[in-house]
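# Residue-level structure breakdown
Each chain, written out:
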Amino acid sequence: MALALIFIITALQGSNFGVLWSVGVRWILGGNMDFNYQSFMQPILNWWQAITELSTNTPIMITFWLVVAALLMSMLVILTLSRQIATYKALLTFSVTPTLVLDVKNATIRYVNPAITAAFDQDNNTSHIVAQCCFERLSHLTDQTSVTNDVFHIKKLKKTLRYSAVQINYQGRRAWLCQIEHMDTNSATISPWNMDGQIINSLFSSNSALIHIKTLDGLILSCSPSWATQFGQSVEQVSGYFEHDFYSVSKLEQIKSYEKYVLTGEVQEYEEWSMVDDNNILLQTIKYPLYDEHQKVVAILTVSNDQTEVMELNERLLSENSEHLRIEAELSRHNSLLNSVINATPDPVAFMNGNGKYVGANHGYCEVVGVKHADLIGMDRQQLFSHDKKSWLLEQENQLLVDGKSIRYEEFLHFVGQDPRWYEICKQRYVNSTNGESGILIIYRDLTERKRIEHELEQAIEKFDELSSIDELTKIANRRTFDRKLQHHWSTHCREVKEISLLFCDVDSFKLYNDNYGHPMGDVVLANIAQVMNEQVHRGADLVARYGGEEFAVILPNTDEEGAVRLALKIIAAVESLAIAHAHSNVAKHVTLSIGVATMWPEDESSEAQLLEHADKALYLAKEHGRNQYCVYRDQEREPAMVELNFDLLKH
Ligand SMILES: Nc1nc2c(ncn2[C@@H]2O[C@H](COP(=O)(O)OP(=O)(O)OP(=O)(O)O)[C@@H](O)[C@H]2O)c(=O)[nH]1
């Protein structure tokens, strides 16, 4: 140290440094040299002289001695620390606890004691793996300068270790002093497990529940295959590992909270949703404490059962129950409402289900079919069918259930013990809103009274028709009937291409008759003529009608001109034969008749009005030619009009 100071001072003084260096080096190396006392001492004397000169300079001297003191103190501290480290090393060397010192910054092993070597380096040099693992765990600690009983598993070595560490200053650098121990001794203390382990393992292997046994440190002693499978591992792959190797930190915290009371000997039971094999399932978990021979809790048995299906079944059962209750309530409400409505309905109403059984009926229906309500409900409807209609009704109602098209028809029914009556029967498909089943609604409407009224009405109408078609005075068809019949026959003949003839008759000099014999007598004459005319026609389709006043017309369907002329002559003769005196007639002493005859082949372009016109023209000609005769219409352009009074025809 003093020598160093002298070097420094000499350098500062700019003294003979080169000589000093040369001598110093030679002296230190101790090499062969030719030692010269004079040359050796001269520099020393120079130094002494320099120091003496410097000592006269007070500030420099003070600085000098302060530096010297500081250097001496540093040396003392270093010496003390070295001795302490030596003591530590000695202690650690003889400690049975495996201990190592790790650099805080780079995981360099600064020191390992023999116990480490004994524990980890017997087979292979594995202490550096242990050191690396310790460092990795310690490097996560940010603010902490110590850690106690941290447990970890080294998969590579298949070892579970527990260590405690504290930060120290080791040879001027910060370092972790780590003491490490094997954990295997812990689980070995669980004697029941050692005894029954195999039995338990075989029990677990055949169990589908998630089961595992762990020490209080979280070391997995055994588990069921399903518990290991949830982590994608086999039983062998998880046994000997720790829970924290598989669960997240938050999950571990949760487990810890559940196990708080298990450690005090309580059985803990809870349910939770959990992700297993990517499925969110409801797990019912029970945690049992396991005791050693001193009744101390040493391990925890956890059994978890998948309750998802049970819960879903429960929920379905609950919902079906509530649905069932709802349907029942709905049904009873529905039924009471329905019953009130159908009982208030005057028409007989009944419901039957899709199987043809009666499920509801009102009083009216029971009365009609003659069956008591209690007997009717549930009865097969076929029992009421008469034998001859059974297959028809079955087919009809089955079709209704299929296509849903309402059926309505009238039927004259004779139920046992009842008078036969007319019914309108309406059948309609309905769907039961509570169970979706189809059935048939049957409504009977008693038409008997309506049918009676309808019948009476028909008769009345017939009578009216009859009355309205007859001429009151002459009791033969009136003008209205004549028009209707002529139009009908005309269109029929047009279609069937048949001839039709028409006789247009007029009483001769009838005005004079009325004037002389009185109007009432004239009426009698008209009635007599009508009757006699009517007696001359024999074909059912022929019609004698009073056309108006003293005019009569005869429609002769399907009759040619010759036949029409024959009838005209018969009528003229028949009227003459009445011999009704007419002293004022311009024609004869009795009442006579003139007739116009027209025959046509009805065609689409012609009409019955033409036939009337032709007959009227022919009548006009008959009057013109002297009355009391018939005249046949001829188309003047083609043929001259023929006026005849040919009684010879009557002879044929
Ligand atoms: N008594 C009676 N007379 C009627 C009825 N309808 C029409 N007459 C009469 O019949 C007469 C018809 O007279 P006219 O048309 O002049 O013809 P006519 O005197 O018969 O002479 P011609 O037909 O040319 O021969 C009228 O006097 C009518 O009053 C009736 O229902 N009863």
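Basis of the calculations
Residues numbered from 1 in each chain as written. Predicted model: local features only at pLDDT ≥ 70, side-chain atom pairs only at ≥ 80, totals over all residues. Heavy atoms only, no water. UniProt positions renumbered as here; feature names shortened; annotations may be inferred. Near = heavy atom within 4 Å. Polar contact = N/O pair within 3.5 Å; in protein donor to acceptor, adjacent residues only side chain to side chain. Areas by Shrake-Rupley, 256 points an atom, 1.4 Å probe, with all protein chains shown as cover. Helix = DSSP H or I, 4+ residues; strand = E, 2+ residues; numbered from the N terminus. Nonpolar A, V, L, I, M, F, W, Y, C, P; charged D, E, K, R; others polar. Axes fitted to C-alpha atoms, helices over the stretch in contact; angles between N-to-C directions. Parallel < 35°, antiparallel > 145°, perpendicular 65-115°, else oblique. Left-handed = near helix turned anticlockwise from the far one by under 90°. Contact = heavy atoms within 4.5 Å. Phe/Tyr/Trp six-rings, centres within 6.5 Å; stacked < 30°, edge-to-face > 60°. Buried < 20%, exposed > 50% of the residue type's maximum accessible area, 1.4 Å probe, protein only. Pairing = 2+ DSSP bridges. Salt bridge = Lys/Arg side-chain N within 4 Å of Asp/Glu carboxyl O. 1 Å grid on protein atoms, 1.4 Å probe; cavity = no way out; pocket = protein on both sides within 12 Å on 5 of 7 lines; lining within 4 Å. Points joined across faces, edges and corners; volume = space filled by probe spheres on them. Domains from an automatic or database assignment.

The name an unreviewed UniProt entry assigns to the protein is diguanylate cyclase, from the organism Moritella yayanosii. In its Catalytic activity (unreviewed entry) section, the UniProt record describing the protein reads: "2 GTP = 3',3'-c-di-GMP + 2 diphosphate". UniProt annotates the protein under Cofactor (unreviewed entry) with the comment "Mg(2+)".

The subject of this paragraph is the site of the ligand. In the vicinity of the ligand, 17 residues are found, and the nearest of them are Ser509, Phe510, Asn514, Asp523 and Arg546. In the model, an oxygen atom of the ligand is placed 2.7 Å from a nitrogen or oxygen of the serine 509 main chain. Contact with the protein chains covers 69% of the free accessible surface of the ligand, which is 660 Å². Counting only elements with at least two residues in the shell around the ligand, the list comes to strand S16 (500-507), helix H18 (510-517) and helix H19 (519-536). In terms of residue count, the dominant contributor to the shell around the ligand is H19 (4 residues). Of the residues assigned to the shell around the ligand, the class counts are 4 nonpolar, 5 polar and 8 charged.

The description of two packed helices rests on the angle between their axes and on the distance between the axes. Two numbers describe how H19 lies on helix H20 (residues 561-578): the axes approach to 9 Å, and their chain directions differ by 140°. Looking at the two axes, H19 sits oblique to H20. In this structure, H19 meets H20 at a crossing whose hand is right-handed. Each of Asn528, Ile529, Val532, Met533 and Gln536 in H19 lies in contact with H20, whose residues at this interface are Leu567, Lys570, Ile571, Ala574, Val575 and Leu578. Partitioned by chemical class, the residues of the contact of H19 with H20 number 8 nonpolar, 2 polar and 1 charged.

So, about the packing of aromatic side chains. Inspection of every chain in the model, using the stated rule, returns 17 aromatic pairs. Note on phenylalanine 351 and tyrosine 430: the rings are 5.4 Å apart at their centroids and 85° apart in plane angle, and the pair reads as edge-to-face. Taken together, the positions of phenylalanine 351 in strand S11 (residues 349-353) and tyrosine 430 in strand S14 (residues 421-431) put the pair 79 residues apart, joining distant regions of the chain. Under the relative-accessibility criterion, phenylalanine 351 is labelled buried at 9%.

Between helix H17 (residues 479-496) and helix H21 (residues 608-624), the least distance of the axes is 9 Å, while the angle of their chain directions is 115°. By the criterion of interaxial angle, the relationship of H17 to H21 is roughly perpendicular. Between H17, through Phe482, Leu486, Gln487 and Trp490, and H21, the contact on the second element is made entirely by Glu608, Leu611 and Leu612. Across the contact of H17 with H21, the residue classes break down as 5 nonpolar, 1 polar and 1 charged.

Right, let's get into the UniProt feature "transmembrane region" (unreviewed entry) in the protein. The sites that carry the UniProt feature "transmembrane region" (unreviewed entry) are, in the present numbering, residues 62-81. The span residues 62-81 shows a helical share of 100% and a strand share of 0%, and its end C-alpha atoms are spaced 29 Å apart.

What follows covers the sheet that holds strand S9 (residues 279-291). One open sheet holds the 5 strands; their spatial order is S7-S6-S10-S9-S8, and the pairing between them is antiparallel. The sheet is open, and its two borders are formed by strand S7 (220-223) and strand S8 (268-276), each paired with just one other strand. Across this sheet, the average inter-strand angle for adjacent strands is 25°, counted without regard to direction. Where S9 and strand S10 (residues 297-306) come together, 9 bridges link them in antiparallel fashion. In the strand pairing of S10, proline 289 is matched with isoleucine 300. Strands in contact with helix H11 (residues 249-259) are strand S6 (210-215), S8, S9 and S10; relative to S8, the strand with the most contacts, it is inclined by about 165°.

A word on the environment of leucine 290. For leucine 290, the position within the fold is in strand S9. Using a relative accessible area of 27% as the deciding quantity, one classes leucine 290 as partly exposed. Linking leucine 290 and leucine 301, residues 11 residues apart in sequence, is a C-alpha distance of 6.8 Å. Setting aside residues up to four positions removed in sequence, leucine 290 forms contacts with Ile213, Lys296, Val297, Val298, Ala299, Ile300 and Leu301.

This part covers the sheet that holds strand S4 (residues 159-170). Taken in spatial order, the 5 strands line up as S2-S1-S5-S4-S3 in an open sheet, and their pairing is antiparallel. The sheet is open, and its two edges are formed by strand S2 (109-112) and strand S3 (146-154), each paired on a single side. Each neighbouring strand pair of the sheet contributes to a mean axis angle of 25°, computed without reference to strand direction. In this sheet, strand S5 (residues 173-182) lies alongside strand S1 (residues 99-103) in antiparallel orientation, the contact comprising 5 bridges. Within the sheet, the bridge partner assigned to leucine 100 lies in S5 and is cysteine 178. Strands S1, S2, S3, S4 and S5 of the sheet are contacted by helix H6 (residues 127-139), whose axis makes an angle of about 125° with S3.

To continue, consider the pattern of salt bridges. Taken as a whole, this structure holds 28 salt bridges when the rule is applied. One salt bridge in this structure joins arginine 110 and aspartate 103, with 3.2 Å as the shortest N-O distance. One salt bridge connects arginine 546 with aspartate 471, and the closest N-O pair in it is separated by 3.3 Å. Of this pair, arginine 546 sits in strand S17 (residues 543-548) while aspartate 471 sits in the loop between helix H16 (448-469) and H17, placing them 75 residues apart in sequence. Per residue, the accessibility class of arginine 546 equals that of aspartate 471, and both read buried.

Here we come to the layout of surface pockets. The volume enclosed by the largest pocket comes to roughly 610 Å³. In this structure, the largest pocket is lined by 20 residues; those nearest its centre are Asp217, Gly218, His244, Leu252 and Lys256. Every element with two or more residues in the lining of the largest pocket is listed here: S3 and H11. Element by element, the count of residues in the lining of the largest pocket is highest for H11, at 6 residues. Split into classes, the residues belonging to the lining of the largest pocket amount to 9 nonpolar, 2 polar and 9 charged. Formed jointly, the lining of the largest pocket draws a minimum of three residues from each of two domains, domain 2 (95-182) and domain 3 (186-306).

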